[in-house]
Amino acid sequence: MDPIVNVLADRYASQEMKNIWSSTGRVVLERELWIAVLRAQKELGLDVDDQIIESYENVKHQVDLESIKAREKITRHDVKARIEEFCELAGAEHIHKGMTSRDLTENVEQLQIFKALKVVRKKTLATLNRLAQLAEQHSEQIITARTHNVAAQPTTFGKRIAMFGQEILLALTSLDNLIQSYPVRGIKGAVGTYLDQLTLFDGDHDKIKALESKIATHLGIASTINAVGQVYPRSLDYQVVSVLYQISSGASSFSKTLRIMAGNETASEGFAKGQVGSSAMPHKMNSRSCERVNGFHIILNGYLNMLAGLSGDQWNEGDVSCSVVRRVALPDSFYALDGLFETFLTILNQMSTFPAIIKQENDHYFPFLSTTTILMEAVKKGAGRELAHEAIKEHAVSTVLDLRNGVITQNDLLQRLAADSRLGLSQTELEAVINRGAELVGGAMEQVERFKEDVNQWLIKYPEGRDYTPGDIL
C-alpha cells in the first residue's frame, strides 16, 4: 500500500522547514527538553545522578517511531508512550518529574514555531533582497500603470516591483517584532500554578523562577508567559499565522500582476527548457509558478480562519479540543509559506520583460496616460480646471471608442486636443508633454532607491538573507 504523504511537505517545502516539523525531529526536541528540565532540577538541588542524565543524552537520537506508535496503541496517550520509550532506552525513570503532558508539548510546539519563524525571516529577507535588485534593474523601464486594471498613468516596472516589495517589507517588521516578543508557556503544571514543581522543591518559589529562566534559555526564547493555564492562549497561534499570511500577500499580488502582464505579453515568469505549458496546446507558456503562489496564499487564508476559530474558544484553564486543528494548521501553514518562498524566489530569478511589446503599449496609451499632466498645463495657460477636464474627457473617450470600433487605427488624441480652443495648447506643446516620459513617472525612481535602502538596512541586521538561494521546484 502506498503511504499517504503530506502534499505540502512532500512536494513544496524545503528540507530545512521539514526538519523542524518532522515526527523524528519533534521527538528529539521533546527529549532535549526533558533533559534540560532534569539538568535544571539537579542544578537547583534535586537529587539526580550525573550518570542518569548522561544515559538519557546517549540515546536521545535513537528514535523508533513504530515502537512509540505501538506503545500508544496500548496507553492511548501519546506523551506517556514517548516517556516509556525514552526511559526504556536510557534504563532509567527520572524524566518528566513534576511535569504534565502540556509542559512538554506546549513548549516543544512553541519551539518549533519559533525556529520556523526564523527560517521565514531569512527567506523573507532573501525575497526582499532579490526584489530590491530587480527594482533597481528596472527602475527606468517606463510602463503603463493601471488602476482598476485600466491604463491610468505612466510608472516604471522597477516602481511596480518596489510597490509589492514594500508590502512584504511592512510584513517583515511585524514578523521581526513577533520573533523578538514571542513568549513561551514554560513549566507550569496541570493548571498553570506549577504546584508539582513547588512540591518537588519544598515550596521554594525562587527555585521555580530559576527553573523557568533555565528552560527559557534552553529554548532560546526571551520570555515566559506569567499567568497561564494548561495551554498557552490560542490567539497566539492566530497571531503567528496572521503574520505568515501578511508576508504572503505581497508575493501573491505581485504574482497575480505578473500573470496579467504575461497575458499582455509585456513580461513573463520564465519558461525553462523542456517545460510544457499545455498537453493539448503546444504554443502555451502558462504562468504556472505564479498561479502556485496565488494558491499558497489561499491555503494560508484557510489555515488562518481555522486558527481564528480556536481563538476565544478555550474552556476554563485548558482543554485540548484544539489539538486536531493545530496539528494540521500550524505545520502546514509553515509548509505553505515555505513552498511559496521557494516558488516565488524561482520566479524572481527567471522572470523577464519584453521591451518591444512594452513600447507598443506605451505608444498606444501614452496620450491617454498624459491627460493629468495636460490638464495641469492647460490650467497654467489660463484654462478653467473643470472646463479643461471636460474637454479632455470628451476627446479621450471619443478617441478610445474610435480605436475600439476601428474608425481609426492610430491614437490621434493630441491632434484633437490641439484643435480645441478651450485648452489653449498647441500640437508642439502637447507633444512636448508626451516626450517628457521620464518626468511623467513622478517620484517612481526615487521610491525605488528608498526601497532599496530600506531593504539594505534589514540585510545589515540579518545578513543571512543575502546568501539564500531556492532549491529546485517541480
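Residues numbered from 1 in each chain as written. Predicted model: local features only at pLDDT ≥ 70, side-chain atom pairs only at ≥ 80, totals over all residues. Heavy atoms only, no water.

## So, the side chain of Ser248
Its place among the elements puts Ser248 in helix α11 (residues 235-263). With relative accessibility at 0%, the residue Ser248 sits in the buried group. Apart from residues no more than four positions distant in its own chain, Ser248 is found in contact with His297, Leu300, Leu337 and Leu340. (Helix = DSSP H or I, 4+ residues; strand = E, 2+ residues; numbered from the N terminus. Buried < 20%, exposed > 50% of the residue type's maximum accessible area, 1.4 Å probe, protein only. Contact = heavy atoms within 4.5 Å.)

## Structural notes on the environment of Asp467
Within the element layout of this structure, Asp467 appears in the segment after α19 (444-461). Spatially, the C-alpha atom of Asp467 lies 42 Å from that of Asp50, the residues being 417 residues apart in sequence.

## Focus: the packing of aromatic side chains
One pass over the full model with this rule turns up 8 aromatic pairs. Where Tyr12 meets Phe296, the ring centres are 5.0 Å apart and the plane angle is 85 degrees; that geometry is what we call edge-to-face. Of this pair, Tyr12 sits in helix α1 (residues 7-12) while Phe296 sits in helix α12 (residues 288-310), placing them 284 residues apart in sequence. By relative accessible area, Phe296 is classed as buried at 3%. Where Trp34 meets Phe86, the ring centres are 6.0 Å apart and the plane angle is 25 degrees; that geometry is what we call stacked. Taken together, the residues Trp34 in helix α3 (residues 23-43) and Phe86 in helix α6 (residues 78-90) connect sequence positions 52 residues apart. (Phe/Tyr/Trp six-rings, centres within 6.5 Å; stacked < 30°, edge-to-face > 60°.)

## With respect to unusual backbone geometry
Most peptide bonds take the trans configuration, and most residues that are not glycine carry a negative phi. At His148, a position not held by glycine, the phi torsion is positive, near 55 degrees. Mapped onto the elements, His148 comes out in the loop between β1 (142-147) and β2 (150-156). Judged by relative accessible area, His148 falls into the exposed class, the value being 76%. Not every positive phi belongs to a glycine, and Asn149 is a case in point at roughly 60 degrees. Considering the arrangement of structural elements, one finds Asn149 in the loop between β1 and β2.

## Topic: the pairing of β1
If a strand is regular, its side chains alternate between the two faces of the sheet. In this structure, β1 lies alongside β2, joined through 5 bridges in antiparallel fashion. By the bridge assignment for β2, Ile143 is matched with Thr155. What sits between β1 and β2 in their antiparallel hairpin is a turn of 2 residues, with His148 showing a positive phi close to 55 degrees. (Pairing = 2+ DSSP bridges.)

## So, α6
Spanning 13 residues, α6 covers 19 Å between terminal C-alpha atoms, matching the ideal 18 Å at 1.5 Å per step. When we look at burial in α6, the residues that qualify are Asp78, Val79, Ala81, Arg82, Ile83, Glu85, Phe86, Cys87 and Ala90. Against α3, α4 (50-59), α5 (65-75), α7 (101-137) and α13 (323-350) lie the buried residues of α6. Two residues or fewer after α6 comes Gly91, characterised by a positive phi angle close to 70 degrees. (Expected span 1.5 Å × (residues − 1).)

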